[in-house]
Every structure is written in structure tokens, then in C-alpha cells.
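Residue strings, one per chain:
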Amino acid sequence: KEVIPPLEQLMVEKEGYLQKAKIADGGKKIRKNWSSSWIVLSSRKLEFYKESKQQALSNAKSGHKPESVDLCGAHIEWAKEKSSRKNVFQITTVSGNEFLLQSDIDFIILDWFHAIKNAIDRLPRD
Ligand code: I3P
């Protein structure tokens, strides 16, 4: 059966490539592994695609799901001490997933930080 998502979830606020590393899953630390990810921000969530946008779109048609992050109650903070790389921030979800996001380009990472922070601040905390 077809599930129709609420309109707000269809509204993309920002999308682009960043370096991503997941460092905890459900509160449990996992081995850091940086990779390039196509990231899509909508009002309630972030989606991480492993592939290019083109590939992601064709995979989406075949029912393949990206990793999705619920931003309700999530935290975002700069995380200078979590990496040797520059321009790293961390997102921590209510479910205890932790992601580092990074770009070498200052304005790109700043734009993302503020876009995600604004999305989180607009959402209810639970
Ligand atoms: C990790 C890899 C990461 C590095 C991490 C290393 O080694 O070099 O790039 O994180 O450092 O442990 P491995 O591939 O053997 O797992 P940064 O690039 O963010 O510094 P860390 O352990 O200090 O997080």
C-alpha cells in the first residue's frame, strides 16, 4: 500500500555534499569512517545518501531508503575535539545516534550548521 508523507516532509530546505562519519549508534560508539554523502535537509529530518544525487533518485524509485535522521529533540554543536579535520560539527539524535559532518570550505559548513540548527530550533523537542 502507498503511504503518502505529510507535505512538510516533502519540502527540501537544503541539499548538497558533505563529508559524514557516524560515530555512535543507539548510544554505542562505533568506528569512525568518513565518506562523502549527499545530504538532504527537510523540516523534520536529514537524509544521508551514499550515492550521487542522480543515483539516489533512481534508487529511491526502486524503493531503496536512505539513512534518515529525526531532528526532533536533536542537538547540534561544533566538535573541534572530535576530529583532526577542520570545520566539524556533531548532530546527536534522541535515539543516541551521533554523526560528524565536515567540509573544508568554511561558508559551506557554516550554511549547513545554521540551516540544521534553525530546523531543530523550530521543532518541538519530543
Ligand atoms: C581513523 C581514521 C579517521 C580518524 C580517526 C582514526 O582510523 O584515520 O580518519 O578521524 O581518528 O581513528 P581508522 O581508519 O583506522 O579507523 P579524523 O579524520 O576525524 O581525525 P580518531 O580515532 O582520533 O577519531
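None of these values were measured; they are calculated from a predicted model.

**Considering the site of the ligand**
And step 1. Taken together, Arg 31, Lys 32, Trp 34, Ser 83, Ser 84 and Arg 85 make up the full set of residues near the ligand.
And step 2. Interatomic distance of 2.8 Å between a side-chain N/O atom of Arg 31 and an oxygen atom of the ligand.
And step 3. Contact distances for the ligand include 2.5 Å between an oxygen atom and a side-chain N or O atom of Ser 83.
And step 4. Computed on the free molecule, the ligand has an accessible area of 510 Å², of which 45% lies beneath the protein chains in the complex.
And step 5. The class makeup of the residues in the shell around the ligand is one nonpolar, two polar and three charged.

**Focus: the nonpolar core**
And step 1. With 22 residues, the main nonpolar core has Leu 46, Leu 71, Phe 89 and Ile 116 as its most contacted residues.
And step 2. Secondary structure elements with two or more residues in this core: strand 3 (35-42), strand 4 (45-49), strand 7 (88-92), strand 8 (98-102) and helix 3 (106-122).
And step 3. Considering each element in turn, this core owes the most residues, seven residues, to helix 3.
And step 4. Ranked by size, the runner-up nonpolar core spans six residues in total, among them Ala 21, Trp 34, Ala 79 and Val 88.

**Let's talk about the pattern of salt bridges**
And step 1. On inspection of all chains with the given rule, the structure shows eight salt bridges.
And step 2. Ionic pairing is found between Glu 13 and Arg 122, a salt bridge with its closest N-O pair at 2.8 Å. In this pair, Glu 13 is assigned in strand 1 (residues 12-25) and Arg 122 in helix 3, connecting sequence segments 109 residues apart.
And step 3. Overall, the relative accessible area of 40% leaves Glu 13 in the partly exposed class.
And step 4. Exposure remark for Arg 122: the relative accessible area of 52% places this residue in the exposed category.
And step 5. Between Glu 98 and Lys 29 there is a salt bridge, with the nearest N and O atoms lying 2.9 Å from each other.

**A few points about the side chain of Ser 37**
And step 1. The topology assignment puts Ser 37 in strand 3.
And step 2. On the accessibility criterion, Ser 37 (2% relative accessible area) is buried.
And step 3. A polar contact of 3.1 Å, which involves the side chain of Ser 37, links it to the backbone oxygen of Tyr 49.
And step 4. With residues near it in sequence (within four places) discarded, Ser 37 still touches Gly 16, Tyr 17, Leu 18, Lys 20, Phe 48 and Tyr 49.

**Comments concerning the layout of surface pockets**
And step 1. The volume enclosed by the second largest pocket comes to roughly 190 Å³.
And step 2. Breaking the lining of the second largest pocket down by element, the ones donating at least two residues are strand 3 and strand 4.
And step 3. At three residues, the largest contribution of residues to the lining of the second largest pocket is made by strand 3.
And step 4. Taken together, the residues of the lining of the second largest pocket sort by class into three nonpolar, four polar and five charged.

The rules behind each value
- Residues numbered from 1 in each chain as written.
- Predicted model: local features only at pLDDT ≥ 70, side-chain atom pairs only at ≥ 80, totals over all residues.
- Heavy atoms only, no water.
- Near = heavy atom within 4 Å.
- Polar contact = N/O pair within 3.5 Å; in protein donor to acceptor, adjacent residues only side chain to side chain.
- Areas by Shrake-Rupley, 256 points an atom, 1.4 Å probe, with all protein chains shown as cover.
- Nonpolar A, V, L, I, M, F, W, Y, C, P; charged D, E, K, R; others polar.
- Core = buried A, V, L, I, M, F, W, Y, C linked by side-chain atoms within 4.5 Å.
- Buried < 20%, exposed > 50% of the residue type's maximum accessible area, 1.4 Å probe, protein only.
- Helix = DSSP H or I, 4+ residues; strand = E, 2+ residues; numbered from the N terminus.
- Salt bridge = Lys/Arg side-chain N within 4 Å of Asp/Glu carboxyl O.
- Contact = heavy atoms within 4.5 Å.
- 1 Å grid on protein atoms, 1.4 Å probe; cavity = no way out; pocket = protein on both sides within 12 Å on 5 of 7 lines; lining within 4 Å.
- Points joined across faces, edges and corners; volume = space filled by probe spheres on them.

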